[in-house]
Amino acid sequence: MSAPLQLSRLDARDASLSARWDAFVLAHPQATFFHRSGWLRVIESVFGHRGAYLLASRDGVIAGVLPLAQVRSRLFGHAFTSVPFAVYGGVLATDSQAALALEAEAERLARDAGADHLELRYLGAPRHEEWPRQDLYVTFRKEILEEEEANMLAIPRKQRAMVRKAIKNELRAEIDVGVERFFALYADNVHRHGTPALPKRFFQALLDEFGPDAEVLTVVSAQGQPVSSVLSFYFRDEVLPYYAGDHPLARDLAANDYKYWELLRRACARGLKVFDFGRSKQGTGPYAFKKNWGFEPQPLSYEYRLFTRDSVPQNNPNNPKYQLMIKAWRRLPLSVANWLGPFIVKSLG
């Protein structure tokens, strides 16, 4: 007879338990970078959201984890999400009993707190066919081949020509120790698209928390001007370019193509196996860009338990009710948008 299951919560200040959590995540085949305990410290310290990182264990041995955080907003509602500001999340467990216990505890916490809904963000097939789902997003993941030239040839012809154009333009990539150049490009980029920017200190917190597993790569022109930048994560044998920004000159210089090629080339040299191009909304420009690189969309199962609402939330720029806000945001001075943005985007998660 197996030992009884015990449920507990991770304290972000408990270094020993955090290390055990991360060891479990590292060993679990369905784990992602966003399951790491460091996200709890970043989310709580930067945004002030309350974390509920749940553990299931037997005789002190971890049998499952569920990273969860509570996000409250007058604009966007009250949610428990796994994981805010991440594309993947949900339960990791060694058996179905632990998985079901963690989901039940998450649902209890959300109901008791008066949340509008619980959201679990899974990579791959749905876990619960009967739960409402968000079908707006897909992700793009592809094998990294062993040889640099093989990776170049695997890029479809038209996109490969853009990479070669960038090389002829004498662009170069540099690894930054901080986020200054990245943030300037990122903030300007999202402002042009009419959406608020995350705070600069969030990106610095990611570098501080995850060390060598979080990295900023910036592309500069032949004249030394920063034109494109990306903040990437490394997890096991994967690289995940996650946050990005560019200058308006980037398109003519093919700087974005060069940025991702250089990241892919360096990942190949490090012996990594998977390039995770990340989440995109179907039918958008980023979706088409990733398809043009030869990546095929893969399903994301964002599953919901609805408590006080009748349908899954649509807190994204595709929602028609946000179009006037987007147009107005573009007209704000960049300095004002960067000051005001964090107060809004912290509640989106």
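Cut-off values and rules
Residues numbered from 1 in each chain as written. Predicted model: local features only at pLDDT ≥ 70, side-chain atom pairs only at ≥ 80, totals over all residues. Heavy atoms only, no water. Phe/Tyr/Trp six-rings, centres within 6.5 Å; stacked < 30°, edge-to-face > 60°. Helix = DSSP H or I, 4+ residues; strand = E, 2+ residues; numbered from the N terminus. Buried < 20%, exposed > 50% of the residue type's maximum accessible area, 1.4 Å probe, protein only. Axes fitted to C-alpha atoms, helices over the stretch in contact; angles between N-to-C directions. Parallel < 35°, antiparallel > 145°, perpendicular 65-115°, else oblique. Contact = heavy atoms within 4.5 Å. Nonpolar A, V, L, I, M, F, W, Y, C, P; charged D, E, K, R; others polar. Pairing = 2+ DSSP bridges. Lys, Arg positive; Asp, Glu negative; His and termini not counted. Salt bridge = Lys/Arg side-chain N within 4 Å of Asp/Glu carboxyl O. Polar contact = N/O pair within 3.5 Å; in protein donor to acceptor, adjacent residues only side chain to side chain. Core = buried A, V, L, I, M, F, W, Y, C linked by side-chain atoms within 4.5 Å.

## Brief notes about the packing of aromatic side chains
In the structure shown here, the tally under the stated rule is 35 aromatic pairs. A ring pair is formed by F85 and F202, whose centres lie 6.0 Å apart and whose planes are at 50 degrees; its orientation type is tilted. Pair noted here: F85 is in the loop between β6 (77–82) and β7 (92–93) and F202 is in helix α7 (residues 200–210), with a separation of 117 residues, a long-range link. Residue F85 shares its accessibility class with F202, and that shared class is buried. Seen from their ring centres, F210 and F233 are 6.5 Å apart, and the 65 degrees between their planes marks the pair as edge-to-face. Taken together, the residues F210 in helix α7 and F233 in strand β13 (residues 226–235) connect sequence positions 23 residues apart. Its relative accessible area of 0% is what places F233 among the buried residues.

## Description of the packing of helix α5 (residues 157–168) against helix α9 (residues 255–269)
For the pair α5 and α9, the least separation of the axes is 8 Å and the interaxial angle reads 95 degrees. Here α9 runs roughly perpendicular to α5, going by the angle between their axes. On the side of α5, the interface is formed by Q159, M162, V163, A166 and I167, while α9 contributes D257, Y258 and W261. Taken together, the residues of the contact of α5 with α9 break down into 6 nonpolar, 1 polar and 1 charged.

## Observations regarding helix α2 (residues 38–47)
Counting buried positions along α2 yields 7 of 10 residues, so the element is predominantly enclosed. Among all positions in α2, only G38, W39, L40, V42, I43, V46 and F47 are buried. For α2, the elements touching its buried residues are β2 (50–51), β5 (69–73), α7 and β13. Phi for G48, located one or two positions after α2, is positive at around 75 degrees.

## A few points about unusual backbone geometry
A cis amide bond links S82 with the next residue in sequence, V83, at an omega value of 10 degrees. Mapped onto the elements, V83 comes out in the loop between β6 and β7. Although it is not a glycine, E170 adopts a positive phi angle of roughly 60 degrees. Relative to the helices and strands, E170 resides in the loop between α5 and β11 (172–176). The exposure class assigned to E170 is exposed, which follows from its relative accessible area of 56%.

## Some points on the pairing of strand β4 (residues 61–66)
Burial analysis of β4 places 5 of its 6 residues in the buried class, which makes it a mostly covered element. Across 5 bridges, strand β3 (residues 54–58) lies against β4 in antiparallel orientation. The partner of A56 across the bridge, within β4, is G64. Linking β3 back to β4 in an antiparallel pair, the connection comprises 2 residues, with D59 at a positive phi of about 50 degrees. By the bridge criterion, 2 bridges tie β4 to β7 in an arrangement that is antiparallel. Paired with V65 across the two strands is L92, which belongs to β7.

## Observations regarding the sheet that holds β3
Strands sit in the order β1-β3-β4-β7 across an open sheet of 4 strands; the sheet is antiparallel. Two strands lie at the open edges of the sheet, namely β1 (6–9) and β7, each paired on one side alone. Where helix α1 (residues 15–27) meets the sheet, it contacts β1, β3, β4 and β7, and its direction lies at approximately 80 degrees from that of β4. Contacts from helix α3 (residues 96–112) reach β1, β3, β4 and β7, with the element oriented near 145 degrees to β3.

## As for the side chain of E303
Relative to the helices and strands, E303 resides in strand β16 (residues 297–306). No salt bridge forms around the buried E303; measuring N to O, its nearest opposite-charge neighbour R133 is 5.4 Å away. Polar side-chain contacts of E303 include one of 3.2 Å to the backbone nitrogen of H128. Those residues in contact with E303 that lie beyond four places of it in its chain are L118, E119, L120, Y122, P126, R127, H128, W131, P132 and R133.

## With respect to the nonpolar core
Note on soluble globular proteins: their nonpolar side chains tend to be buried together. Residues F34, W39, F202, F203, F233 and Y243 are the most contacted members of the largest nonpolar core, which totals 54 residues. Residues contacting Y243, with those up to four places away along its chain left out, are F85, F182, L198, F202, F203, L206, S229, V230 and L231. Residues I144, A173, L217 and V230 belong to the second largest nonpolar core, which totals 31 residues.

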